[in-house]
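Descriptive structure summary
Here is how the chains run, residue by residue.
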Amino acid sequence: MNKRTFIKFMTAAIADYVVSPLFARPPGNKLTNWAGNIEYSTDNLYPAASLEQVRKFVKKQTKLKVLGTRHCFNTIADSKNDFLSLKPMDGVIALDPVARTVTVDAGITYGLLAPYLHGKGYALHNLASLPHISVAGSCTTATHGSGEKNGNLATAVSGLQIVTAGGDVAELSREKDGETFRGAVVGLGALGVITKITLDVQPTFTMRQYVYENLHLSDMRENLDAIESSAYSVSLFTDWQDERINEVWIKSRVDQGQAFAGAPDFFGAKLATKNLHPIAELSAENCTEQMGVPGPWYERLPHFRMGFTPSAGKELQSEYFVPRQHAVEAILAIQGLHKQVSPHLLISEIRTIAADELWLSPCYKQSCVTIHFTWKQDWPAVREVLPVIEKELAPFNVRPHWGKLFTMSPVKLRSMYERLPEFVRLANKYDPQGKFRNDFLDRNIFGT
Ligand SMILES: Cc1cc2nc3c(=O)[nH]c(=O)nc-3n(C[C@H](O)[C@H](O)[C@H](O)COP(=O)(O)OP(=O)(O)OC[C@H]3O[C@@H](n4cnc5c(N)ncnc54)[C@H](O)[C@@H]3O)c2cc1C
């Protein structure tokens, strides 16, 4: 191909880009979420490589959803019409050392962004258990890591660019848009297509990760506050058998005088002598480095390494947020259900998250403990046990994770969010005809 033919070919390819399916799949090979438990209602997936292509596509469609990295376990991302993917828009737009922010294309994953930031001397405040997920998809569902003083990942957002239903561009910032901004950040994909996100950054830091085995439940009960505040980020893994926390993962910053000593004993739990997977029987090969070996923040904050299949793979997930002051009671309540829970479980994880001001964040104005369940991939069995868990946690005003499986009624769910009526008004302003709504949003948010 000579240069002229090549340019003509590329021009035609770019012009057609927005109307060509992203990947051709063999017939019968349906588009699914990461876990494979949701077969999306359409296979029509179109890529966009620029703001203009997004605007053009949005204007043309009567209904669409944006698909991120497909890591949600429920139908929050589903569409019966068309999907737009921002996967080709995965660049870093600007790093501002004065404002201490980074602005990125919304299709970027944490796995791409984090090493870039570290290379430039910066860090994000926290990461989820894996880096494979898109920044936009994560922030819009209030995805979180752990740490008493760490807000969820959406709390790092300081600016958003959104293409609204009419194809217009809305620019929102924490500084100038106050409550509207706080309503839009955890937007559940209902406000439009996020095309650009600005995140707070801080100077890069080094961490050490230690794992302890066999923390007795009575020691957890007596010392939970001390355990959770012992390091920057703490996760407790349990299968709810034998009245113990199987593994305690301590992620400690070596700066700020916060270094964790890594003593052989931690409230009766014993320091592991090799790297472990949260499910002890599985190989730790896909897990981040432990044993106190120092490393950059982005290789210690997630549990799973980029480039490997995270978690167990064939699984389902649910997670419940309980106000932090009820942590011990809530954990013990689930322990009381161990006979119903354990047979269907791969592992549970308990984390803490700081309060925030984002309207639809489960941590809105309350710090939380989260109780997470990685289930065997058996939906009929999991569907039976979720209402039992939700009933047990109901006295603590439990809120489910937006991107995971739950059975709470929409009426109950809506009643848990005091700013929801304002959120609905905000969504109606940006999307009056419901172009970005799907069955999940209609049911759980808009009550239609
Ligand atoms: C193995 C595994 C581990 C996980 N670990 C954690 C964890 O540690 N902590 C936690 O909180 N969650 C965790 N999750 C859940 C998951 O990361 C979140 O639910 C997150 O939303 C997934 O992001 P995504 O891009 O894959 O979203 P998708 O499922 O692709 O989409 C989610 C929502 O975001 C919307 N969306 C995506 N991109 C855009 C955009 N550009 N503009 C507008 N809307 C958009 C979609 O329309 C949809 O509503 C985990 C999931 C898996 C599979």
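Notes on the structure follow. Note that this is a predicted model, so its numbers are computed, not measured.

1. Overview of the overall build of the protein chain
Per the secondary structure count, the protein chain includes 12 helices and 20 strands. Looking at the 448 residues of the protein chain, the share that counts as buried comes to 56%. Taking as baseline every contact in the protein chain between residues at least 6 positions apart, the subset at least 24 positions apart corresponds to 72%. If you sum the accessible surface of the protein chain, you get close to 18,200 Å²; carbon and sulfur atoms cover 53% of it. Placing the 48 positive and 46 negative side-chain charges of the protein chain at their respective mean positions leaves the two points 7 Å apart.

2. Looking at the nonpolar core
Core analysis: the biggest nonpolar cluster contains 132 residues, and Trp 297, Phe 373, Trp 375, Trp 402 and Ile 445 have the highest contact counts within it. For this core, the element with the highest residue contribution is helix H11 (residues 420–430), accounting for six residues. Counting residues in hydrophobic clusters, the runner-up holds seven residues, among them Leu 31, Ile 38, Leu 45 and Leu 67.

3. Digging into the packing of aromatic side chains
Counted according to the given criterion, the structure contains 16 aromatic pairs. Each ring, one from Phe 205 and one from Tyr 232, has its centre 5.8 Å from the other, and the planes form 65°; the classification is edge-to-face. Linking Phe 205 in the loop between strand S10 (202–203) and strand S11 (206–216) with Tyr 232 in the loop between helix H6 (217–228) and strand S12 (233–238), this pair joins segments that are 27 residues apart in sequence. Residue classification places Phe 205 among the buried positions, given a relative accessible area of 2%. One aromatic cluster is present, built from ring pairs that chain together Tyr 210, Tyr 212, Phe 260, Phe 266 and Phe 267. The lysine or arginine in question, Arg 399, covers the ring of Tyr 417, its NZ or CZ lying 4.6 Å from the ring centre. Its end group placed over the ring of Phe 446, Arg 437 keeps NZ or CZ at 3.7 Å from the ring centre.

4. What to know about the site of the ligand
Near the ligand there are 38 residues, and of these Val 66, Thr 69, His 71, Ser 134 and Thr 141 occur at the shortest range. Within the backbone of Gly 68, a nitrogen or oxygen atom sits 2.7 Å from an oxygen atom of the ligand. His 401 is positioned such that a nitrogen or oxygen atom in its side chain is 2.8 Å from an oxygen atom of the ligand. Taken by itself the ligand offers 970 Å² of open surface, and the protein chains cover 99% of this. Only strand S2 (65–67), helix H4 (135–140) and strand S9 (193–200) provide two or more residues apiece to the shell around the ligand. Class assignment of the residues belonging to the shell around the ligand gives a composition of 16 nonpolar, 17 polar and five charged.

5. Concerning the environment of Thr 352
Position of Thr 352 relative to the elements: it lies in strand S18 (residues 345–353). A residue is classified by how much of its surface remains accessible, and Thr 352, at 1% relative accessible area, is buried. Residues Thr 352 and Val 382 lie 30 residues apart in sequence; the distance between their C-alpha atoms is 24 Å. Setting aside anything within four residues of it in sequence, one finds Thr 352 in contact with Gly 145, Ser 146, Gly 147, Glu 148, Glu 228, Arg 324, Cys 368 and Val 369. Side-chain polar atoms of Thr 352 contact the side chain of Glu 148, separated by 3.4 Å. At 3.4 Å, the side chain of Thr 352 forms a polar contact with the side chain of Glu 228.

6. Describing the packing of helix H5 (residues 174–184) against H11
The N-to-C vectors of H5 and H11 enclose an angle of 90°; their axes lie 10 Å apart at closest approach. Overall, the two elements H5 and H11 adopt an arrangement that is roughly perpendicular. Residues Thr 180, Gly 183 and Ala 184 of H5 pack against Phe 423, Leu 426 and Tyr 430 of H11. Its residues placed into classes, the contact of H5 with H11 shows four nonpolar, two polar and no charged.

7. Concerning unusual backbone geometry
In this model, Arg 100 sits at a positive phi of 55°, which is unusual for a non-glycine residue. Relative to the elements of secondary structure, Arg 100 occurs in the loop between strand S4 (92–96) and strand S5 (101–105). The backbone of Met 291 sits at a positive phi, close to 60°, despite the residue not being glycine. Mapped onto the secondary structure, Met 291 falls in the loop between strand S15 (269–271) and strand S16 (295–296).

8. Examining helix H12 (residues 439–446)
Extensive coverage of H12 is indicated by the burial of six of its eight residues. Of all the residues in H12, the buried ones are Phe 440, Leu 441, Asp 442, Asn 444, Ile 445 and Phe 446. Of the surrounding elements, those touching the buried residues of H12 are S2, helix H10 (410–415) and H11. A side-chain oxygen of the first residue of H12 lies 3.3 Å from the backbone nitrogen of Phe 440; this N-cap is Asn 438. Of the residues trailing H12, Gly 447 is marked for its positive phi of about 60°.

9. A closer look at the pairing of S4
Sheet topology places S4 next to S5; four bridges connect them, and they run antiparallel. Counterpart to Asp 96 in the pairing with S5 is Thr 101.

10. What about the pairing of S12?
Within S12, six of the six residues are buried, which leaves it mostly tucked inside the rest of the structure. Neither face of S12 is open: one carries Ser 233, Ser 235 and Phe 237, the other Val 234, Leu 236 and Thr 238, and all of them are buried. Bridge count for S12 against strand S13 (residues 244–253) is five bridges, and the pairing is antiparallel. In the strand pairing of S13, Ser 235 is matched with Trp 249. In this structure, the hairpin formed by S12 and S13 is closed by a connection of five residues, where Trp 240 is found at a positive phi of approximately 65°. With three bridges joining them, S12 and S18 adopt antiparallel strand pairing.

Definitions and cut-offs
- Residues numbered from 1 in each chain as written.
- Predicted model: local features only at pLDDT ≥ 70, side-chain atom pairs only at ≥ 80, totals over all residues.
- Heavy atoms only, no water.
- Helix = DSSP H or I, 4+ residues; strand = E, 2+ residues; numbered from the N terminus.
- Buried < 20%, exposed > 50% of the residue type's maximum accessible area, 1.4 Å probe, protein only.
- Contact = heavy atoms within 4.5 Å.
- Areas by Shrake-Rupley, 256 points an atom, 1.4 Å probe, with all protein chains shown as cover.
- Lys, Arg positive; Asp, Glu negative; His and termini not counted.
- Charge placed at Lys NZ, Arg CZ, Asp CG, Glu CD.
- Core = buried A, V, L, I, M, F, W, Y, C linked by side-chain atoms within 4.5 Å.
- Phe/Tyr/Trp six-rings, centres within 6.5 Å; stacked < 30°, edge-to-face > 60°.
- Lys NZ or Arg CZ within 6 Å of the ring centre and 35° of its normal.
- Near = heavy atom within 4 Å.
- Polar contact = N/O pair within 3.5 Å; in protein donor to acceptor, adjacent residues only side chain to side chain.
- Nonpolar A, V, L, I, M, F, W, Y, C, P; charged D, E, K, R; others polar.
- Axes fitted to C-alpha atoms, helices over the stretch in contact; angles between N-to-C directions.
- Parallel < 35°, antiparallel > 145°, perpendicular 65-115°, else oblique.
- Pairing = 2+ DSSP bridges.

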